[in-house]
Amino acid sequence: MAENIARVFADAIATDPTRPLLTWYDDATGERTELSGATLANWVAKTANLLVDEVGAGPGDVAGVLLPPHWQTAAVLLGCWSAGLTVADTPGDVDVLFVAATRLAEAEAWSAGERYVLALDPFALPMRQVPPGFADYVSEVRAHGDHFSPYATGDPGETELLGRATARATELGVVPGDRVLIDTGTYPDPVDWLLAPLAAGATTVLCANTDPARLLSRAASERVTRPLP
C-alpha cells in the first residue's frame, strides 16, 4: 500500500494523465464536467499552494471541509492531504475551513483562521457576492501555482484512511482499470466516492441527484465497468 494519499493520487494518474479520471454529473442541473488526471492534479496543486502560501498551513494543521461529493471537493480534499493537513470530521477549532455556499449555517460551529466558500458553479465561475468573513475559493485558488511537491507526512490518520479505502474497494468489487459509476446519494463518504477508486487504480463517474432513467445510457456512453449498487 502507498505511504500516503498524495502518492496514491500520483500513481493513479501516472500511466496516462490525459485519460478521464473523474467525470461529474448533476442530473438536477444537467451538468457534466470531465477531468483528466492532469486537470485534477492542476486543481490539487493550486489548492495545496493556496494552503501553504496564503494560509500558511502545513503538516500538523487541520482543515474542515463542509462540502458535498463534487469534483471541486475532490480538489480541496486532495489539496489538503498533499499539503500535509488533517481533515477533521467533527466541528471544532481548525486552521482553515472550506464550506459550500448552501451550508454556511453549519460553519458557525467551526472556529477557523481562514474561511473559503465554494459556490460549486458548473463552470467554476467566481461568486458574484461573497459572504462576509469568507474568501471565494475559486477566485483565490486560480492565482496559485500549477505544481506542488506533496509533503510525506506519515500521519497515522492518513494511513488509517488509506486502509479503509483499500478495504472498501475490495468490498465494493472495484479493481484496477475499472470505470466506476457512483451515486453520491448512496455513497456520500469520500472514502467511497474518492479514495476507494483511487486506491484501486480505477476511474470514476460521479452522479448527483441521479435520474434512474439515465443510468443505463450513461453507463454505456461512459464505458462503465462497475456500477456500484
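Okay, so let's go over this structure. (Residues numbered from 1 in each chain as written. Predicted model: local features only at pLDDT ≥ 70, side-chain atom pairs only at ≥ 80, totals over all residues. Heavy atoms only, no water.)

### Some points on the overall build of the protein chain
Going by this rule: Only DSSP runs of H or I with at least four residues qualify as helices, and only runs of E with at least two residues qualify as strands; both kinds are numbered from the N terminus onward. For the radius of gyration, the atom set is restricted to C-alpha positions; the globular benchmark scales as 2.2 Å times the number of residues to the power 0.38. We call a residue buried when its accessible area falls under 20% of the maximum for its residue type, exposed when it is over 50%, and partly exposed in between, using a 1.4 Å probe and counting protein chains only. Should any heavy atoms of two residues lie within 4.5 Å, those residues are counted as being in contact. The Shrake-Rupley method, run with a 1.4 Å probe, gives the accessible areas here. Residue values count only the displayed protein chains as cover. By the counting rule applied here, Lys and Arg register as positive and Asp and Glu as negative, while His and the ends of each chain are not counted. Charge placement uses NZ in Lys and CZ in Arg. For Asp and Glu, CG and CD serve respectively.
Along its length, the protein chain carries seven helices and ten strands. A compact globule built from 229 residues would reach a C-alpha radius of gyration of about 17 Å, and the protein chain, at 17 Å, matches this within 12%. Projecting the C-alpha coordinates of the protein chain onto the three principal axes gives extents of approximately 45 × 40 × 30 Å. Burial status across the protein chain gives 50% buried among its 229 residues. The contacts of the protein chain with a sequence gap of at least 6 include a subset with a gap of at least 24, amounting to 69%. Accessible surface, the protein chain: about 10,300 Å² in total, of which carbon and sulfur atoms supply 53%. One finds the centroid of the 15 positive side-chain charges in the protein chain at a distance of 8 Å from the centroid of its 30 negative side-chain charges.

### A few points about the sheet that holds strand 4 (residues 86–88)
Which entries qualify depends on this criterion: Two strands are counted as paired when DSSP detects at least two bridges linking them.
Here five strands make up an open sheet; going across it, the order is 4-3-5-6-7 and the pairing parallel. Each edge of the sheet is formed by a strand with only one pairing partner; in this case those strands are strand 4 and strand 7 (135–136). The pairing of strand 3 (residues 62–66) with strand 4 spans three bridges and is classified as parallel. Considered in strand 4, the bridge of A63 is made with V87.

### Focus on the side chain of Q72
Going by this rule: Within 3.5 Å is the distance limit for a polar contact, defined as a pair of N or O atoms, with the added protein rule that one can donate a hydrogen and the other accept it, and that residues adjacent in sequence qualify only through two side-chain atoms.
Mapping Q72 onto the fold places it in helix 3 (residues 71–82). A polar contact of 3.5 Å, which involves the side chain of Q72, links it to the backbone oxygen of D121. Leave out the neighbours within four places in its chain, and Q72 touches L118, L120, D121, A124, Y137 and V138.

### Details of the layout of surface pockets
To find leftover empty space, one rolls a probe the size of a water molecule over the atoms. Operational definition: Whether a set of points on the 1 Å grid over the protein atoms alone is a cavity depends on a 1.4 Å probe fitting there but being unable to get out, while an open set qualifies as a pocket with protein on both sides within 12 Å along at least five of seven lines; lining residues are those with an atom within 4 Å of a point. Grid points are joined across faces, edges and corners, and a volume is the space filled by probe spheres set on the points.
In this model, the largest pocket occupies a volume close to 560 Å³. The wall of the largest pocket is formed by 29 residues, among which L77, V87, A88, D89 and P190 lie closest to the centre. Sorting the residues of the lining of the largest pocket by element identifies strand 3, helix 3, strand 4, helix 5 (156–172) and helix 6 (190–200) as the ones contributing at least two each. In terms of residue count, the dominant contributor to the lining of the largest pocket is helix 5 (five residues).

### A word on unusual backbone geometry
In most cases, non-glycine residues show a negative phi, while peptide bonds are predominantly trans. Positive phi values are uncommon outside glycine, yet L120 reaches one of about 55°. Position of L120 among the secondary structure elements: in the loop between strand 6 (111–118) and strand 7. In this model, N209 sits at a positive phi of 50°, which is unusual for a non-glycine residue. On the secondary structure map, N209 appears in the loop between strand 9 (203–208) and helix 7 (215–221).

Function cannot be read off these values alone, since they describe shape.
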